[in-house]
Amino acid sequence: MNKTARGLAGREGSVLLFFLAAGLAALTVWILGNGFYLEGATQSWAMVISALGADEVLLENLTMLTPHFPLYLLVPFYYIPGLDTGAAPYLISIMASIFLLFLWARHLRDVELSQFRLAILAILIVAHPAFLWAATSGGHITLTMVTFYLLYRAAQHIISDHDLHSYISMAVVFVIFFFIDGTAVYIFVALIPLLVLIAPMRTIMVSPMSLYLIVGTPFVFAVGTWAYMNWIFEGEFLYFITNSESAFLGGMLKINEYPWLMDYGGQFFMPLLVSFGYLLIAYPVSLYLLLDTADDNYRFRATFVLMLHPLIAIGIATSQFYLTHPFEILTLVSAGLMAELTYVKMQTKREFVLLVVFMLVSIVGGWWLFVETGNPQMIRWVKALQGENTMVAVDEDAELQLGKWLNAHRQPTMLYERSAYRAIAARGDADHLMLSFSRNFKSAIRERIPSVNQLAVPDPVTELGRRDLLNIRYPTLYNDGFAGFKLVYDKLGWRVYRRKHV
Amino acid sequence: MKQPQVASRRRIGEMLLSNGCITQQQLDQALAQQQSQGGRLGDIVLANGWVKTVVFYDVLSDHFRRGRIGDLLLEKGLIDEQQLTELILIQKQWGTRFGDIVLAKGWVKPYFLGQVLAEHFDKPNVDLMKEGIDESLLNRDQLSTYSENLFVPWRREDGLLKVAVVDVNPQLLELVDAVVGEPFDFVITSKFDIIWLLQELGNQYYSEKAVHQLANAQPEYSASEVFTTPQLVFFFVWMSLSLVVIYIWPILSFTVLIFAISVFLLLNFGLRMVLTWVGGDQRFDHVVTDEEVAALDERSLPMYSILLPMYHEAATLPNIAKSLREIDYPLSKLDIKLILEQDDDETIDKAKELGLEGIFEILRVPDSLPKTKPKACNYALHFCRGKLATIYDGEDAPEPDQLKKAVIAFRKSSKNTAVIQARLNYFNVAENWLTRMFTMEYSLWFDFYLPALDALRIPIPLGGTSNHFKMDVLREMDGWDPYNVTEDCDLGVRLTQSGYRVGVLNSTTFEEANTSIPNWIRQRSRWLKGYMQSYLVHMRRPIQFYRKLGGVGFWGFQFFIGGTIVSALLAPFMFLMYFIWLFTHTAFFDPYFPSIVLYITLFNLAIANGFLIYLFMLSGFKRKLYGLIPWAITVPFYWLLQSWAGYKGLWQLIHNPFYWEKTHHGLTSFEVSHDVDVNKPPERNKSSSFTSDQFQ
């Protein structure tokens, strides 16, 4: 095998990957050092330590309201001394992004490019804000990107090879997708009309239904399995859709918090058009690839699908009031682009230079769009990246204060983990906490006055407090406490009541 | 008449002398003997053992041969000019002898060809059935050699042994020389005379070999003993201990049991997923390409034996005969054995009535127990002349290029490749629900699992037909186990243990799928019983078995063969427990399903079963039988049928282990074909009638 054919998998490639990994890690440390944290990451970690810290470690402790796979990945960190901190989700993000780059590097073996050119491409991919955001923000979006990348690889293989592995890959990837990210449903539905561009014409003419069954059946089984597990553990098949706190609902019940949903929620074509505009700004390289591959039927179809698929998914997800920001899906274009580059011809200098130019423009456009339209978390991330301290003053952080106090005053405490997840994360573990999935909690909440040592409850006038299970069950608890309990903590909208004799 | 004889004598003597075969003194002695006692000079020289027969005819070849075979056939009016021209062309293409070609084409009857050959070699043409042989000349230990090479010691004339042969070539003469161990000369006869005569005289020998060869030579591999004593002791101890443990710790025991079952089923599912992924690789569809087949030089093709064991299958005989005539292989290199049971007059008569070409040979298997297909095949092995051999069933329709592909596959594969399994599928796919399920199952099995087993070096349970063997290895393995009702599965495992490889081939033989559930249950119960037999046989010495196969092979066998049995037997219990819980919401099972067990069983129930259904869909998709795909949803009902068959097989394993459960063929109303399209309306088979492969 010649040097150029080794792609990024050779020694030079490994060195580059190592530096990219180190860079991403350093960047994450830098961002976290500047006070950035992702709500979702904290929530995931709190869920994991809550579930694993329970008296009985059960799958259902993780609840059925959020995809489980990212949580499973966090489980090992709970048992590794030194890594059992809230930084674990960020570590997972970095590892997943490195895995994606590694996978890409392997697939790039087929593209005969020099190491130098491949290094440039890798740097340009990583420098895009969408990739950086995914890799360093601690969310599970990097896992989604890996899945999306594999989805596109499968689609490309179906177009070019029409081999059975591609169909199986696509079907299995969709299953994994569902257990990683709630957007999977929209990504799946959006691909349905596009399958006619991917699959061989003969199969479509003879039996389009078979095609959909082969690609879609495992996904349907996955959704059915999830519904069944909801029925087993929560008593309702559609619990993961009907429960107001379900991550599968996206922004549906909080439309007024998201400008995107306020503007386009319930519509399909407008968000589609607008997101097309987003795509043109953040990924003009997609348009270039479309033009570049116009003379190659196979590649053109793949590029066309890459461009259209996320847009349709954004349209559908917005029409269902799920999507809170187009970048939740648009970020995946980076992964699709990586898959695309493993197939695109760029041997001539002109082709390569044009590609680099368009990728550079994409980076500039992406950053501009990120800064201009990002949601509050994205904005905080950008600021943290710029070195601005985004940390909320410790004294003003209610959950952090509560968590520290609970850590200092360890007592069996009843609290609703969905309200207090940041406090649990700040406490460091869930030992002796009575959380809503535990039998003790379920039994205690049936009593007029729960037989517990201590309860923590948020102010019911706040958004957080309104959804708190203890407030719903005991509406006067925050203000009046229970007979036989004394107020031992009252700070920044959180109160802790403790039984007097304890 | 006298003058030419004198000239001939002089010339023979001179030629032998000039070639240094005999000395002047020997020639003089021979001439003196001829003058005093009469007889032919050649016979005298041979009888004295001064020169070996093969050398004798090598030197005197031109002397004896009268005319060319083609000319003689034409001269006698057995073929016409056009046929002769075609014959010459075919000979160039196939590289075989005129006699073989005219027989294969059915242009000349074997008897007449014998006459021509006799004339050609200037030897008597004897009818062995009328001019019986001197049985005292037969060496009973050499019966197989006689039947495999088509010669038999006939009589002793003037002190010289006369051996009846069908054809004359140096290799045969050398072999005869080595076998008879004394000076001999030959006479010409028809191959059917030799086959029938040897069957008449050697029935007991061939039968004995067919039934007991494996049990005598390799008793550890014979299923004639269902449970060995150590196995019975193990079962007894195990069951006793289990009862004690259950008595002391009832809940824990059942929890551990359910856990073990769940993990086993989970791993079983995992293996099947891996096999589907590995077997789904495109390279297995191109083991042999059409280009390679087209580029094949037919002259280089070996003799191929095709075994057709049949019993009461008169109706399917014309179909398989037609399919074999359509085979893209030099007909003269085919050695087709119609293996019929002696009491099956119906099929024997049908075979005679069809007037099959000379490449079809009827073998009548004498009545003896066990009356199984492997026994019949073992019997036929003694008459096979091919370097390669395969088996087809009466209702089979192999793809025409299958034999050529098998030859190429052997050439491309490693030297230790002993057998290559072609794919099996069904032509009556869309006949009913059962045939659809069966087709998907077979597609999954042969198109995915077997190639993957080959790639992963896990023992391959061979299919019942279309397995292409190297004949020498097959004989070395002592053939099939006549006591095992899935002798094919057993042989595959034995071959792997002996260091041979079992390969796969991208060519399909289409069969008739069972159309009726009772018939299907009969067939499947036999298969599962056979799997149990095979499992018991090979697990007699598990440690040795592990050493021979290695970890992957051993565990692959446990899960692939053992898993098939266990899944079938356990499925009803698991489903029953589930449905009782589902409909009654009883808490009775709760103690037996702690969280970890619950999660695994949930996974098995939802994800594993879902994906197993999906695998069925994939099989239809790969075969481009798109109409089958939606039907895959109903496969759980098919699994229940499998369980039914599993319990029937288990019952029979204990009560009637060697009974060959009857499977009726010819129930289909579809035309036998290797051109299958599930979306095409079926062509109805007007000549359909009931038959069965009912070995007992």
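Nothing here was measured: the structure is a model prediction, and the numbers come from that model.

### Observations concerning the sheet that holds strand E2 (residues 160-165) of chain B
Residues and elements named next belong to chain B.
- Strand order in this open sheet of three strands is E1-E2-E3, and the pairing throughout is mixed. Strands with a single pairing partner mark the edges of an open sheet, and in this sheet they are strand E1 (151-157) and strand E3 (184-188). Direction aside, neighbouring strands of the sheet carry axes that sit 35° apart on average.
- Judged from the five bridges that link them, E2 and E3 form a sheet pairing that is parallel. Note on E3: the bridge partner recorded for Ala164 is Val187.

### Quick look at the packing of aromatic side chains
- Tallied over the full model, the rule gives 78 aromatic pairs over all chains.
- Ring centres 5.8 Å apart and planes at 40° place the aromatic pair A:Tyr228 and A:Trp231 in the tilted group. On the criterion of helical spacing, the pair formed by A:Tyr228 and A:Trp231 is a turn pair, its members being three residues apart in helix H11 (residues 208-234).
- Among the residues examined, A:Tyr228 registers a relative accessible area of 11% and is labelled buried.
- Between B:Phe575 and B:Phe579, the aromatic rings sit 6.4 Å apart at their centres with planes inclined by 20°, giving stacked as the arrangement. One end of the pair, B:Phe575, and the other, B:Phe579, are both in helix H24 (residues 542-584), four residues apart, so they sit about a helical turn from each other.
- Put simply, the rings of A:Phe174, A:Phe178, A:Phe179, A:Phe188, A:Phe219, A:Trp226, A:Phe240 and A:Phe248 touch in pairs and so form one group of aromatic residues.
- Its guanidinium or amino end placed over the ring of A:Tyr37, A:Arg380 lies 4.8 Å from that ring's centre, counting from NZ or CZ.

### Description of the interface of chain A and chain B
- Each partner contributes residues to the interface: chain A has 31 residues there, and chain B has 30 residues.
- Buried surface at the junction of chain A and chain B, both sides included, amounts to about 2600 Å², of which 80% is carbon and sulfur.
- Contact with chain B buries surface across chain A, with A:Leu164, A:His165 and A:Ile214 losing the most and accounting together for 24% of the total.
- One can count zero salt bridges joining chain A with chain B.
- Of all the secondary structure elements, the ones that give two or more residues to the side of chain A that touches chain B are helix H8 (164-178), helix H10 (201-206) and H11 of chain A.
- With twelve residues, H11(A) is the single largest residue contributor to the side of chain A that touches chain B.
- Of the residues assigned to the side of chain A that touches chain B, the class counts are 19 nonpolar, eight polar and four charged.

### Points about unusual backbone geometry
Residue and element names in this part refer to chain B.
- The omega angle of the peptide bond from Leu369 to Pro370 is -5°, so this bond is cis rather than trans.
- Relative to the elements of secondary structure, Pro370 occurs in the loop between strand E6 (360-365) and helix H18 (373-381).
- With a phi close to 60°, Lys624 is a non-glycine residue in the positive phi region.
- Here Lys624 shows up in the loop between helix H25 (595-622) and helix H26 (635-655).
- The class for Lys624 is partly exposed, based on a relative accessible area of 41%.

### Let's talk about the nonpolar core
- In terms of nonpolar packing, the biggest core is built from 334 residues, with A:Trp104, A:Phe131, A:Met170, B:Leu338 and B:Leu495 touching the most fellow members.
- Beyond its immediate chain neighbours, meaning those up to four positions away, A:Met170 contacts A:Leu151, A:Ala154, A:Ala155, A:Ile158, A:Leu191, A:Leu195, A:Ile198 and A:Val215.

### Some details on the pattern of salt bridges
Residues and elements named next belong to chain A.
- Counting across every chain of the model gives 42 salt bridges over all chains.
- Where Glu399 meets Arg422, a salt bridge forms, and the shortest distance between an N and an O atom there is 3.3 Å. One end of the pair, Glu399, is in helix H21 (residues 398-408); the other, Arg422, is in helix H22 (residues 421-427), and 23 residues separate them in sequence.
- Among the residues examined, Glu399 registers a relative accessible area of 14% and is labelled buried.
- Here Arg422 falls in the buried class, since its relative accessible area comes to 15%.

### Examining the domain arrangement of chain A
Residue and element names in this part refer to chain A.
- Domain boundaries in chain A define domain 1 (4-385) and domain 2 (394-499).
- Using C-alpha coordinates to define each centre, domain 1 is positioned 36 Å away from domain 2.
- Between domain 1 and domain 2, the contact holds 20 residues from the first and 15 residues from the second.
- At the boundary of domain 1 with domain 2, total buried surface from both sides reaches about 1600 Å², with 51% on carbon and sulfur atoms.
- At the boundary of domain 1 with domain 2, the tally comes to two salt bridges.

### Comments concerning H11(A)
All names here are of chain A.
- With 27 residues, H11 extends 37 Å between its outermost C-alpha atoms, agreeing within 8% with the 39 Å of an ideal straight helix rising 1.5 Å per residue.
- Roughly 45° is the biggest bend found in H11, and it falls at Gly216, with proline Pro218 one to four residues downstream.
- Following H11 by one or two positions, Gly235 has its phi on the positive side, about 80°.

### Focus: the pairing of strand E3 (residues 454-458) of chain A
Residues and elements named next belong to chain A.
- Taking burial as the measure, the five residues of E3 include five buried ones, the bulk of the element.
- By the alternation rule, side chains of E3 split into Gln454, Ala456 and Pro458 and Leu455 and Val457, which are all buried.
- Pairing of strand E1 (residues 413-414) with E3 involves two bridges; the strand directions are parallel. Along E3, the bridge assignment pairs Met414 with Leu455.
- For E3 and strand E5 (residues 494-499), the ladder comprises five bridges, and the chain directions are antiparallel. Looking at E5, one finds that Ala456 is bridged to Val496.

### Some details on the packing of helix H22 (residues 487-497) of chain B against H24(B)
Residue and element names in this part refer to chain B.
- At a closest axis distance of 10 Å, the pairing of H22 and H24 adopts a crossing angle of 150°. Between H22 and H24, the angle falls in the class roughly antiparallel. Like other packed secondary-structure pairs, H22 and H24 cross with a definite hand, here right-handed. Residues Cys489, Val493, Thr496 and Gln497 of H22 lie in contact with H24, whose contacting residues are Phe545, Lys548, Leu549, Phe557 and Ile561.

### Remarks on the sheet that holds E6(B)
Residue and element names in this part refer to chain B.
- The mixed open sheet is built from eight strands, whose spatial order is E6-E5-E4-E7-E10-E9-E11-E8. Only two strands of the sheet have a single neighbouring strand rather than two, namely E6 and strand E8 (397-398).
- In the sheet, E8 pairs with strand E11 (residues 501-511) via two bridges, with the strands oriented antiparallel. The residue bridging Pro398 from the neighbouring strand is Thr509, located in E11.
- Contacts from helix H17 (residues 345-354) reach strand E5 (334-341) and E6 within the one sheet, and its direction differs from that of E5 by about 145°.

### Some details on the pairing of strand E10 (residues 467-470) of chain B
All names here are of chain B.
- The two faces of E10 match: Asn467 and Phe469 on one face and His468 and Lys470 on the other face are all buried.
- Bridge analysis of strand E7 (residues 388-391) against E10 gives two bridges, and the strand direction is antiparallel. Pairing of Ala389 across the sheet is with Phe469, part of E10.

### With respect to the side chain of B:His468
Residue and element names in this part refer to chain B.
- Tracing the chain through its elements places His468 in strand E10.
- Its relative accessible area of 0% is what places His468 among the buried residues.
- Polar contacts involving the side chain of His468 include one to the side chain of Tyr304, which spans 2.6 Å.
- Polar contacts involving the side chain of His468 include one to the side chain of Gln402, which spans 3.0 Å.

### Digging into helix H4 (residues 88-107) of chain A
- With 20 residues, H4(A) should reach 28 Å at 1.5 Å per residue; the first-to-last C-alpha distance of 28 Å fits that figure.
- With 15 of 20 residues buried, H4(A) is to be regarded as a mostly interior element.

### Thoughts on a nonpolar patch on the surface
Residue and element names in this part refer to chain B.
- Side chains of Val244, Val245, Tyr247, Ile248, Trp249, Leu252 and Val256 sit close together on the surface and give an oily, nonpolar patch of about 740 Å² of accessible area.
- Going through the elements one at a time, helix H13 (229-248) and helix H14 (250-279) are the ones with two or more residues in the nonpolar patch.
- For the nonpolar patch, the leading source of residues is H13, giving four residues.
- In this fold, Val245 is placed in helix H13.

The rules behind the values
Residues numbered from 1 in each chain as written. Chains lettered and ligands numbered in written order. Predicted model: local features only at pLDDT ≥ 70, side-chain atom pairs only at ≥ 80, totals over all residues. Heavy atoms only, no water. Pairing = 2+ DSSP bridges. Helix = DSSP H or I, 4+ residues; strand = E, 2+ residues; numbered from the N terminus. Axes fitted to C-alpha atoms, helices over the stretch in contact; angles between N-to-C directions. Phe/Tyr/Trp six-rings, centres within 6.5 Å; stacked < 30°, edge-to-face > 60°. Buried < 20%, exposed > 50% of the residue type's maximum accessible area, 1.4 Å probe, protein only. Lys NZ or Arg CZ within 6 Å of the ring centre and 35° of its normal. Contact = heavy atoms within 4.5 Å. Buried area = accessible area lost by both parts, 1.4 Å probe. Salt bridge = Lys/Arg side-chain N within 4 Å of Asp/Glu carboxyl O. Nonpolar A, V, L, I, M, F, W, Y, C, P; charged D, E, K, R; others polar. Core = buried A, V, L, I, M, F, W, Y, C linked by side-chain atoms within 4.5 Å. Domains from an automatic or database assignment. Expected span 1.5 Å × (residues − 1). Bend = angle between axes of the 7 residues up to and from the residue. Parallel < 35°, antiparallel > 145°, perpendicular 65-115°, else oblique. Left-handed = near helix turned anticlockwise from the far one by under 90°. Polar contact = N/O pair within 3.5 Å; in protein donor to acceptor, adjacent residues only side chain to side chain. Patch = residues over 30% accessible without salt bridge, like charges linked within 9 Å, V, L, I, M, F, W, Y side chains within 5 Å. Areas by Shrake-Rupley, 256 points an atom, 1.4 Å probe, with all protein chains shown as cover.

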